[in-house]
Amino acid sequence: MSTASTKPGTVKERAGLALNDEFLRKAVKFTTERLRSGKKAASEEHGNWDDWRERGRQIRLHTIAHLDYYLNLFADNARANGVNVHFAETDVEAVKIALAIAERKQAKSVVKSKSMVTEELHLNHALEKIGVEAIETDLGEYIIQLAGETPSHIIIPAIHKNRYQIADLLSAEAGETLAPDTQILAGFVRKKLREKFLEADIGMTGCNFAIAETGSMVLFENEGNARMVSTVPKTQITLMGMERIIPSFEDLEVMATLLPRSATGQKLTVYMSGITGPRRTEDADGPDEMHIIIVDNGRSNQLGDPEFQELLNCIRCGACLNACPVYRHIGGHAYGGTYSGPIGAVLTPALKKDESQWDDIANASSLCGACYEACPVKIPLHDMLVYLRRRKVESGNGNLLESVGMKGFSTLLGGSKRMRGVIRLGQLGQKLVERDGGIRIKLGPLKGWNTYRVTPSLPKQSFRDRWSTIQKETQAEGATLDPALKARMEAVVAERKQGGGSSHGGHA
């Protein structure tokens, strides 16, 4: 079994475990590469992808900027459809509402479709404490529930496991050896869960999008389990983050184009269900009672914040995870929270208003910007990671050694004599550890870097030391230039000086 679900104190420690887990690394690499190539092909085939991204971004920007209006509109229309709408400011409040419904219904079992919000609330554990069995019906979620783990990817919860590991888990559940064949394994789960669907008292779902103009909620899925969850049990509970709103079904067309292509490379998910209230008299199936719990749990902290409000634009496609070079090496559990990858590295701290509670996952990024390029609604996650780091330091909760190091570096750069002296000391001192033009010693700040690569040694002569020689050579070359060419060059320099550097916006 993978060791990636073990969660020691820091992201660095968790990443160390993941990097030494060969099964995890191969499984994550295989699946993320397949998802990335699928997204690339689907977006290119669609055409005008950046135009669609911008359209999606504008819809989300508009909705979040008027979130109070659209939330109230949605709640009013949903209630008019016969839905019980609840607002929960905190995770504790959301769980309390869900448990109260279960207790009133004297529920013995709950079947669930995939929901990151319920993972965020740790709702399964809360249900178990009051004697209610919670059964995950998404195949990936069911697998990690058997393993006693949490999702390591937003859309593919068991991305860190291969079919042999899955076969071992399902064989233990079946009480017999199951071959590591996907059809056999899926067939066993299908048969097992069918009984659970028929027995369940409550169906519980997440929400991909809520349509304000009609009070409808929309689910995207590929397995059909969410339709079973939302039609067979007599009571349905939907948990949705407060930001899942979009204004209209016309806007859903854009999201239904962006989300599946970005997530799995599909033109459209296999099942897209629009649910507008509980079962009506003329309906063949559906719940008799429907509840929607709208969860804040720190999301409102981003409203009005110019650096983080766009975080609420996220449509939970997972594209940023598949593009991130850090996630592709360490998987999701190394991030230590419900949400992983670049979105998790920003969202997890941002949901906590107190900077002193922020952990170190914002440092788990190379700031390469691949997440922004992959995001279907253009969220600048790489910028937000920098903002998080800055705010943590400004609040006095930064790393002490890092702060001392940066102050020392600032002192060195504050004077050319000091900088020159340190370089000369470094040139002398490196002779003790230099081998073949590189420094391989694994001590102090060099340990992390030199574990996987070699630090180049300082050159024998710095650029500053060479400058006087270079200047003489340049002046000698200038003396031999064609007079007409030299005059034109001097005229260009004079023009730039006169213009105050206005020509710097161009390209050489």
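All values reported here derive from a predicted model rather than from experimental measurement.

Trainee: Would you mind going over the pattern of salt bridges with me for this structure?
Mentor: Pairs can form between side chains of opposite charge whenever their charged atoms are close. What the rule picks out here adds up to 21 salt bridges. We note a salt bridge from Glu243 to Arg316, for which the minimum N-O separation is 3.2 Å. Of this pair, Glu243 sits in the loop between β7 (235-241) and β8 (245-246) while Arg316 is found in the loop between β10 (289-295) and α13 (319-323), placing the two residues 73 residues apart along the sequence. By relative accessible area, Glu243 is classed as buried at 2%. For Arg316, a relative accessible area of 14% gives the class buried.

Trainee: So what exactly am I meant to see when it comes to the nonpolar core here?
Mentor: Within soluble globular proteins, side chains that are nonpolar generally end up buried alongside one another. Ranked by internal contacts, the top residues of the largest apolar core, which has 59 residues, are Phe209, Leu311, Tyr335, Ile343, Val346 and Leu381. If you tally residues by element for this core, the top one is helix α12 (residues 249-263), at seven residues. Residues contacting Leu311, with those up to four places away along its chain left out, are Gln302, Ile343, Val346, Leu347, Ala350, Ile379, Leu381 and Met384.

Trainee: Would you take a moment to explain unusual backbone geometry for this structure?
Mentor: Note: most residues except glycine have negative phi, and most peptide bonds are trans. Of note, Arg316 is a non-glycine position whose phi angle comes to about 55°, a positive value. Within the chain, Lys378 stands out as a residue other than glycine whose phi angle is a positive 60°. Take Lys378: it is sitting in the loop between α16 (370-374) and α17 (381-394).

Trainee: How should the confidence of the model for the protein be read in this particular structure?
Mentor: Note: predicted coordinates in regions of low pLDDT should not be interpreted at a detailed level. For the protein, per-residue confidence averages 90 on the pLDDT scale, and 96% of positions sit at 70 or higher. The low-confidence segment residues 1-6, where pLDDT is below 50, has 20 contacts with residues more than four positions distant or belonging to other chains. Note on residues 502-508: pLDDT is under 50 here. Beyond four places in sequence and across chains, it has one contact.

Trainee: Got a minute to help me understand a nonpolar patch on the surface in this structure?
Mentor: On the surface, a nonpolar cluster with roughly 260 Å² of combined accessible area is contributed by Leu198, Met228 and Val232. On the accessibility criterion, Met228 (31% relative accessible area) is partly exposed.

Trainee: Any chance you could explain the packing of aromatic side chains here in plain terms?
Mentor: Any two aromatic rings considered together are summarised by their centre-to-centre distance and by the angle between their planes. Scanning the entire structure with this criterion turns up five aromatic pairs. Summarising the aromatic geometry, the rings of Phe209 and Phe220 are spaced 5.7 Å apart at their centres and angled 70° between planes, so their arrangement reads as edge-to-face. Separated by eleven residues along the polypeptide, Phe209 in strand β5 (residues 209-211) and Phe220 in strand β6 (residues 216-221) bring together distant segments of the chain. On the basis of relative accessible area, Phe220 is assigned to the buried category, the value being 12%.

Trainee: Even after reading the chapter, I still don't get the packing of helix α3 (residues 49-65) against α12, so can you show me in this structure?
Mentor: Axes are the key here: two packed helices are described by the angle between their axes and the distance separating the axes. Remark: α3 packs on α12, axes separated minimally by 10 Å, with the N-to-C direction vectors making an angle of 125°. By the angle between their axes, α3 is oblique relative to α12. Crossing of α3 against α12: the hand is left-handed. Only Glu250, Asp251, Glu253, Val254, Met255, Thr257, Leu258, Arg261 and Ser262 of α12 make contact with α3, whose side of the interface consists of Trp49, Trp52, Arg53, Arg55, Gly56, Ile59 and Arg60.

Trainee: What's the story with the sheet that holds strand β2 (residues 109-112) in this structure? I'm lost.
Mentor: One key point about sheets: their strands pair by backbone hydrogen bonds, in either a parallel or an antiparallel sense. On the basis of which strands lie adjacent, the open sheet formed by six strands has the order β1-β10-β7-β4-β2-β3 and parallel pairing. The open sheet is flanked by β1 (84-88) and β3 (133-136), the only strands paired with a single partner. Taken pair by pair, the neighbouring strands of this sheet meet at an average axis angle of 20°, ignoring direction. Across seven bridges, β7 lies against β10 in parallel orientation. If you follow Thr238 over to β10, its bridge partner there is Ile292. Along the sheet, helix α4 (residues 67-80) makes contact with β1, β7 and β10, crossing β1 at roughly 150°.

Trainee: Which parts of the structure should I look at to understand the side chain of Thr257?
Mentor: Examined against the element boundaries, Thr257 turns out to sit in helix α12. In this structure the side chain of Thr257 is engaged in a polar contact, spanning 3.0 Å, whose partner is the backbone oxygen of Glu253. Residues contacting Thr257, with those up to four places away along its chain left out, are His46, Trp49 and Trp52.

Trainee: Would you take a moment to explain the environment of Ile166 for this structure?
Mentor: Within the fold, Ile166 resides in helix α9 (residues 163-174). Residue class for Ile166 comes out buried when judged on its relative accessible area of 14%. Spatially, the C-alpha atoms of Ile166 and Gln498 are 70 Å apart, while their sequence positions differ by 332 residues. Leave out the neighbours within four places in its chain, and Ile166 touches Ile143, Lys161 and Leu185.

Criteria and cut-off values
- Residues numbered from 1 in each chain as written.
- Predicted model: local features only at pLDDT ≥ 70, side-chain atom pairs only at ≥ 80, totals over all residues.
- Heavy atoms only, no water.
- Salt bridge = Lys/Arg side-chain N within 4 Å of Asp/Glu carboxyl O.
- Helix = DSSP H or I, 4+ residues; strand = E, 2+ residues; numbered from the N terminus.
- Buried < 20%, exposed > 50% of the residue type's maximum accessible area, 1.4 Å probe, protein only.
- Core = buried A, V, L, I, M, F, W, Y, C linked by side-chain atoms within 4.5 Å.
- Contact = heavy atoms within 4.5 Å.
- pLDDT = per-residue confidence, 0-100.
- Patch = residues over 30% accessible without salt bridge, like charges linked within 9 Å, V, L, I, M, F, W, Y side chains within 5 Å.
- Areas by Shrake-Rupley, 256 points an atom, 1.4 Å probe, with all protein chains shown as cover.
- Phe/Tyr/Trp six-rings, centres within 6.5 Å; stacked < 30°, edge-to-face > 60°.
- Axes fitted to C-alpha atoms, helices over the stretch in contact; angles between N-to-C directions.
- Parallel < 35°, antiparallel > 145°, perpendicular 65-115°, else oblique.
- Left-handed = near helix turned anticlockwise from the far one by under 90°.
- Pairing = 2+ DSSP bridges.
- Polar contact = N/O pair within 3.5 Å; in protein donor to acceptor, adjacent residues only side chain to side chain.

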